[in-house]
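# Descriptive analysis of the structure
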Amino acid sequence: MDKKNKTLGEFIIEHQAQFQYSSGELSKLINAIRLAAKVVNHEVNKAGLIDILGAVGDTNIQGEEQQKLDVLANNKFIQTLKNREIVCGIASEEEDHFIQVNSNNQQNQNKYVVLIDPLDGSSNIDVNVSVGTIFSIYRRVTPIGSPVTMEDFLQPGVNQVAAGYIIYGTSTMLVYTTGYGVNGFTLNPAIGTFYLSHPDMQYPETGNIYSINEGNYSHFPQGVKDYIKYCQKEEDDRPYTSRYIGSLVSDFHRNMIKGGIYMYPKSSVASNGKLRLLYECNPMAFLAEQAGGKASDGFKRILEIQPTELHERVPFFCGSRKMVEKAEEFMALHA
Ligand code: AHM
Ligand code: MG
């Protein structure tokens, strides 16, 4: 079959054999995410049409205002995963605590936990800019059939079994990895089917795009300031192009296709930056590495960080391998 005519459903079935002793649980789980993604996509697309915009009034654990669509996306993903009884636990950027998933009031026999940022970059919705969903899947470490514990969620990113994102953009895409490369699928909205459009995605080894919120320049560590100056200097293939959407999924997606680096460093006003290790950095780092790119906190590999709490933040440097290494060189000079 022509690779480009392959649907996500077909791809999932074909690749199930990759997992030794696979019971099909992970395939079902990715199918459930695909389903919820279509529903959320439908709602996001309608955002400009109905009176659904604006803050719902609640604040999440980080003290940020939630948008209505955040709430909707959060509920939709959680409901879909719960109803299908394919995970034993869920943690969401929008929930203070992790969720135990039971079947008929009993501990279920499932082995996976899902961590999700249901609608990242949601402040962009009001202005019709792309947003995304980010997910990360781990095998639980506590015994199957027992209640899930914090230990099941606080695993280093290297333990991820799968990770991916949905980008609600000019077209909607689902991009994911199960540790065997990265594949991207584009939704045909007319028939509601995702097609394999970007097989085996690869981060260019280097690139000419740097993505950072430069408005925070004066608060950045010296290493970051110096690296930004390096990007802007007229020399060799520089100056680089500055591109920052302020929507991690979109910035990452563009850089993975074109070659570039995304940075959200720590600053004098945010000691660990802004992005969450478990919901944003680990899944993106797994995807980056699987596509031949690199992700670090400026000094060490993101995927090897041992998390200590569900909502912890971490500085994030991610993208084309050589660009991340160059940024790390500047960071090391001021360590
Ligand atoms: P969110 O999870 O509250 O949506 O915040 C994460 C978003 C990322 O998508 C984006 O890269 C970053 O926040 C932008 O932050 P800033 O506006 O500080 O540059
Ligand atoms: Mg987020």
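The structure presented is a predicted model; accordingly, all values stated were derived computationally and were not measured.

So, how was this worked out
Residues numbered from 1 in each chain as written. Chains lettered and ligands numbered in written order. Predicted model: local features only at pLDDT ≥ 70, side-chain atom pairs only at ≥ 80, totals over all residues. Helix = DSSP H or I, 4+ residues; strand = E, 2+ residues; numbered from the N terminus. Rg over C-alpha atoms; globule rule 2.2 N^0.38 Å. Buried ≥ 20, exposed ≤ 12 C-beta atoms within 10 Å, placed from the backbone. Contact = placed C-beta atoms within 7 Å. Near = placed C-beta within 6 Å. Nonpolar A, V, L, I, M, F, W, Y, C, P; charged D, E, K, R; others polar. Core = buried A, V, L, I, M, F, W, Y, C linked by C-beta atoms within 7 Å. UniProt positions renumbered as here; feature names shortened; annotations may be inferred. Axes fitted to C-alpha atoms, helices over the stretch in contact; angles between N-to-C directions. Parallel < 35°, antiparallel > 145°, perpendicular 65-115°, else oblique. Left-handed = near helix turned anticlockwise from the far one by under 90°. Pairing = 2+ DSSP bridges. Expected span 1.5 Å × (residues − 1). pLDDT = per-residue confidence, 0-100.

The helix and strand tally for the protein chain stands at eight helices and 17 strands. Over its C-alpha atoms the protein chain spans a radius of gyration of 19 Å, differing by no more than 12% from the 20 Å that the globule rule assigns to 335 residues. If you line up the protein chain on its principal axes, its C-alpha atoms span 60 × 45 × 45 Å. Residue burial in the protein chain is summarised as follows: out of 335 residues, 46% are buried. In the protein chain, once contacts between residues fewer than 6 apart in sequence are set aside, the share between residues at least 24 apart is 66%.

The next thing to look at is the site of ligand 1. Surveying the vicinity of ligand 1 reveals eleven residues, the closest of which are Asp120, Gly121, Asn213, Gly246 and Leu248. When contributions to the shell around ligand 1 are tallied by element, the ones reaching two or more residues are strand 7 (112-120) and helix 6 (248-258). For the shell around ligand 1, the residue count by class is one nonpolar, five polar and five charged.

Membership of the largest hydrophobic core comes to 91 residues, with the highest contact counts inside it found for Val87, Val113, Val114, Met284 and Cys318. When residues no more than four places from it in sequence are discounted, the contact partners of Met284 are Ile134, Leu248, Phe252, Ala295 and Cys318.

Turning our eyes to something else, we now look at the UniProt feature "binding site: Mg(2+) 1" (unreviewed entry) in the protein chain. In this structure's numbering, the residues bearing the UniProt feature "binding site: Mg(2+) 1" (unreviewed entry) are Glu93, Asp117 and Leu119. Their sequence span is 27 residues, while the largest C-alpha to C-alpha distance among them is just 9.1 Å; these annotated residues converge on one region. Looking at the secondary structure, you find Glu93 in the loop between strand 3 (89-92) and strand 4 (99-100). For Asp117, the residues in contact, after removing those within four places along its chain, are Glu93, Thr133, Ile134, Tyr279 and Glu280.

Contact pair helix 5 (residues 222-232) / helix 8 (residues 321-333): the axes reach a minimum separation of 8 Å and the direction vectors enclose 140 degrees. The angle between the axes of helix 5 and helix 8 places the two elements in the oblique class. Relative to helix 8, the crossing made by helix 5 is right-handed. Here helix 5 contributes Gly223, Asp226, Tyr227 and Tyr230 to the contact with helix 8, which in turn contributes Ala327, Phe330, Met331 and Leu333.

What follows covers the sheet that holds strand 8 (residues 131-139). Backbone hydrogen bonds hold the strands of a sheet together, and the pairing may be parallel or antiparallel. The eight strands lie next to each other as 4-3-7-8-9-10-11-12, forming an open sheet whose pairing is mixed. Of all the strands in the sheet, the pair left with one neighbour each is strand 4 and strand 12 (193-198). For strand 10 (residues 172-177) and strand 11 (residues 182-188), the ladder comprises five bridges, and the chain directions are antiparallel. Paired with Val175 across the strands is Gly184, a residue of strand 11. Against the sheet, helix 7 (residues 277-290) makes contact with strand 3, strand 7, strand 8, strand 9 (160-168), strand 10 and strand 11, and its axis sits at roughly 80 degrees relative to strand 8, the strand it touches most.

For the rest of this paragraph, the subject is helix 3 (residues 68-83). Owing to its 3.6 residues per turn, the α-helix brings residues three or four apart onto one side. Look at helix 3: 22 Å from first C-alpha to last across 16 residues, which is about the 22 Å you get at 1.5 Å a residue. All of the buried residues in helix 3 are Leu69, Asp70, Ala73, Asn74, Lys76, Phe77, Ile78 and Leu81. Positive phi shows up at Glu85, right after helix 3, with a value of about 50 degrees.

What follows is about the pairing of strand 17 (residues 316-319). Here strand 17 shows a buried face lined by Phe316 and Cys318 and a second buried face lined by Phe317 and Gly319. Bridge analysis of strand 15 (residues 260-264) against strand 17 gives four bridges, and the strand direction is antiparallel. Bridged to Tyr264 within strand 17 is Phe316. Sheet topology note: the strand 16 (residues 294-296)/strand 17 ladder contains three bridges and is antiparallel. In the strand pairing of strand 17, Ser296 is matched with Phe317.

The residue Asn216 is located in the loop between strand 13 (209-211) and helix 5 in this model. Taking the C-beta count within 10 Å as the criterion, Asn216 has 17 such neighbours and is therefore assigned partly exposed.

Okay, the packing of helix 2 (residues 25-45) against helix 3 next. Two elements in contact, helix 2 and helix 3, have axes separated by 9 Å at closest approach and are oriented at 155 degrees. As the angle between them shows, helix 2 and helix 3 are arranged roughly antiparallel. Read as a crossing pair, helix 2 and helix 3 show a hand that is right-handed. Contacts from Ala32, Leu35, Ala36, Val39, Val40, Glu43 and Val44 of helix 2 reach helix 3 at Leu69, Leu72, Ala73, Lys76, Phe77, Thr80 and Leu81.

When the pLDDT values of the protein chain are averaged, the result is 92; 92% of them are 70 or greater. Here the predicted complex scores 0.94 on pTM and 0.95 on ipTM.

Glancing now at the environment of Tyr180. Counting through the fold element by element, Tyr180 comes out in the loop between strand 10 and strand 11. For Tyr180, a count of 12 C-beta atoms within 10 Å corresponds to the exposed category. Each C-alpha atom of the pair Tyr180 and Gln290 lies 7.1 Å from the other, and the pair is 110 residues apart in sequence.

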